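# Structural overview for review
Next come the chains, spelled out residue by residue.
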Amino acid sequence: MKGQSKIIIKNGRVCDPANNIDEVRDIYIDNGRIARPSKNGNNYQIIDASGKIVMPGLVDMHVHLRQPGREDKETVASGTAAGLKGGVTTILAMPNTQPAIDSVENALLLADMVKKTAQANVFICGTITLGRGGKELTDLARLKKDGGCIAFSDDGSSVDDDLLMQKALKKAREQKTLIICHSEDRSLSAGGVVNLGFTSTRLGLRGISRESEYKRIERDVTLAMNAKAAVHIAHVSCRESVEVIALARKNGARVTCETAPHYFSLTEEAVLGYDTNTKINPPLRGKEDVAAIRQALCSGTIDAIASDHAPHTENEKDIEFDRAEFGTTGLETELAVAITELIDQKVLDWPDLIAKMSVNPAKILGIDKGSLAVGKDADVIIVDPAKTWVVRRDDFISKSKNSAFIGRKLKGVVEYTICGGKIAYKSRG
Amino acid sequence: MTWTRKDLLGLEELTKDEIELILSTVESFKEVSTREIKKVPALRGKTVVNLFYEPSTRTRVSFEVAAKRLSADVINIAVQESSVRKGETLIDTGRNIEALKADVIVVRHGASGAPALLAQHVGLNVVNAGDGWHEHPTQALLDMFTLKEKLGRIEGLKVVIVGDIAHSRVARSNIWGLTKLGAKVCVCAPSMLIPPAIEMMGASTSNNIDEALKGADAVNVLRMQFERDTEAAFPEKLDYFKNFGITRERLNNAKKDIIVMHPGPINRGIEISSDIADGKNSVILGQVTNGIAVRMAVLFLLSQARDGVVERREA
């Protein structure tokens, strides 16, 4: 642990669902960890958190940091800094970088960048296939043992070959590691840029069908069941996908899943006007899908909320819709969107929301985060749940400004982010 | 009412009043093309740039003739010979044209939404001359003007649009325009060529042209495109002609005076028979003539709005 800080966070509503705590109390931090209350309060820096919510730092298990290769879009440094502003203290970095994290060498390269420049905790995801080409498996065992990868995904692509995916799942089970699926059947989504339906028709754009997502999820969970492997479905966007996952779970599959804030807050109508910041894969869907996603968060079918933070430069977004890159940024807005859409609309209460954004992701990844028990890493955030703000392009810390939420009014501001026991971010007020 | 929009990007966002304003403005400009000296000074000193990313003869020439009859200077940018080949972006192209102090950009582009993107970044008037599968507003306006001219009204008409609806900007613009003015629109095509949820745009759908033509006041025949790589539902030209082609025999089941329209260019023997294309029901060439007046009206109204001075032209 770098340095020693003694901090007391006083009078905040401490919401720590991992330990069943939700009450006003003080949090003591010492030497990078949550500490027991001390009688000697003199050396402590005191933060008054009256009226605020004190919770574990967010664990975002789906973030594209773009390093190595596309440092013009984002870096480990800028991405983690952006995360801190959004209350994110732990990130799982997705491996579709250049080069992809498909070898121990590349994993260690990234690990080194993390060690030298990360402002928050970064864990590394490896790829399932070499170069994400879907043809040859990576050495999962070595990537885990020597490369330090804690999960595997070809995110951005799905592994089309059933046999290969089967092999990957068997290997993952053997290595006791997690496969994260970007479930998309490209033969059914080919060339599509928005949800197939009224919006694609009125905008004159090629549509991405829902089948392309839920049929591939069906395949992924079935193969996982057969291999008795754990599988995590990324960015669930439509109601059939939720149904497929719920059914699979009922049949005993070890499947977890996540959704992103845009899928429980925006519909395909946000695309009208051709705003390329709303061009996302999977695409924004219909009203019924947003309702189904919210319902699934409430019922527990969806375990986690992850941003799928996908930074892109202006050159790749301020162009014709067809040609623009897919993706929206998310680190700096995810908590506020969740507060605005889920807490405010009474879809989830605070303990549930915190679970979805820290406890559950940590559990799924098998990392020791998301708890404010004594002795745990002092990754703590202090949130003003009532403050409203308007999302502005120029306010983003991320190198990229492609947010689907620009111009929207959100509720919820992170006032302090404490990472590893030190104040890593403080809002300007 | 007065026209206030900087751009004409589509008919979806226009109100009924705005469409009627354009159509009433067309009347006065139609008269100009019947004079010996086909010119009015309305756009004298203005520069209209035709920026066509997709090939076109008809629309481009029509806009050029329209602009020239308004006394504007016209520049045609052949995109294939321009810096677009050197990778210049659409926005940069637009900004450069703006820096040359042009007044209007008429843009045709293969990507839906391209005119909207351009319009956001330049202060010039932007006219959509067709973007991808999205809209072709001046085509629909001239289609509607022609219908009104022949049948006296739009409201209450039953109009059938037949062809590759899924990929047709002409179809979409026509659906918006016609339904806003109270017509009933039916789109007819093999099911693979009808896009999802088109009913939500206000059109009914049919896979049977004979059924659809019953009681129709007009049929707008779209060109069947066989050069498209992946989208063709009818690989055999003959099959389409047999099942959906507009022929004398087919029209025998329709109203005797049914109006036959086509945005052109026509493929004789594929979507329409020669005798129908050239026959008494056809208004195809009349559409072309009206296209000039429609584009004159559009250029005029947009230009006036930008100047901040708008006069109501009485028909």
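Residues numbered from 1 in each chain as written. Chains lettered and ligands numbered in written order. Predicted model: local features only at pLDDT ≥ 70, side-chain atom pairs only at ≥ 80, totals over all residues. Heavy atoms only, no water.

## Some thoughts on the overall build of chain B
What counts is decided by this rule: To qualify as a helix, a DSSP run of H or I must reach at least 4 residues; to qualify as a strand, a run of E must reach at least 2; elements of each kind are numbered from the N terminus. Put simply, the radius of gyration uses C-alpha atoms, and a globule should come to 2.2 Å times the residue count raised to 0.38. Between buried and exposed lies partly exposed: a residue is buried under 20% and exposed over 50% of the maximum accessible area for its type, with that area taken using a 1.4 Å probe on protein chains only. We call two residues contacting when some pair of their heavy atoms lies within 4.5 Å. Residue burial considers only the protein chains on display, and all accessible areas are found by Shrake-Rupley using a 1.4 Å probe. Here Asp and Glu are counted as negative and Lys and Arg as positive; His is not counted, and neither are the chain ends. To locate a charge, take atom NZ for lysine, CZ for arginine, CG for aspartate or CD for glutamate.
Looking only at helices and strands, one finds 11 helices and nine strands in chain B. Here the C-alpha atoms of chain B give a radius of gyration of 19 Å, agreeing with the 20 Å that 2.2 N^0.38 yields for 315 residues. In terms of overall dimensions, chain B has C-alpha extents of about 55 × 45 × 35 Å along its principal axes. Burial analysis of chain B (315 residues in total) assigns 59% to the buried set. For chain B, the proportion of contacts with a sequence separation of at least 24, taken over those separated by at least 6, is 72%. Taken as a whole, chain B presents about 13,100 Å² of accessible surface, with 49% of it coming from carbon and sulfur. Between the centroid of the 41 positive side chains of chain B and the centroid of its 40 negative side chains there is a distance of 3 Å.

## Quick notes on the packing of aromatic side chains
Residues and elements named next belong to chain B. Applied cut-off: Stacked, tilted and edge-to-face are the three classes assigned to paired rings of Phe, Tyr and Trp, where Trp is represented by its six-membered ring and a pair needs centres within 6.5 Å; plane angles under 30 degrees give stacked, over 60 edge-to-face, the rest tilted.
Evaluation of the coordinates by the stated rule reveals four aromatic pairs over all chains. Consider the rings of Y240 and F244, whose centres lie 5.5 Å apart with planes at 15 degrees: the pair is stacked. With a gap of four residues between them, Y240 and F244 both fall in helix 8 (residues 237-244), about one helical turn apart. Considered together, Y240 and F244 belong to a single accessibility category, that of buried residues.

## Let's talk about the side chain of A:T313
Tracing the backbone shows A:T313 in the loop between strand 15 (304-305) and helix 10 (314-317). If we ignore the near neighbours within four places in the chain, the residues touching A:T313 are A:R70, A:D72, A:K73 and A:S400.

## Some details on helix 6 (residues 169-180) of chain B
Residues and elements named next belong to chain B. Going by this rule: Residue count minus one, scaled by 1.5 Å, sets the expected span of a helix. A 3.5 Å cut-off defines polar contacts: any pair of N or O atoms within that distance qualifies, except that in protein one atom must be a possible hydrogen donor and the other a possible acceptor, and neighbouring residues in sequence count only when both atoms are side-chain atoms.
With 12 residues, helix 6 ought to run about 16 Å at 1.5 Å a step, and its terminal C-alpha atoms sit 17 Å apart, in line with that. The buried count for helix 6 comes to 10 of 12 residues, which makes it a mostly enclosed element. Within helix 6, the full set of buried residues consists of R169, V170, A171, R172, S173, N174, I175, W176, G177 and L178. The residue sitting at the N-terminus of helix 6 and contributing the capping side-chain oxygen is S168; that oxygen lies 3.3 Å from the backbone nitrogen of V170.

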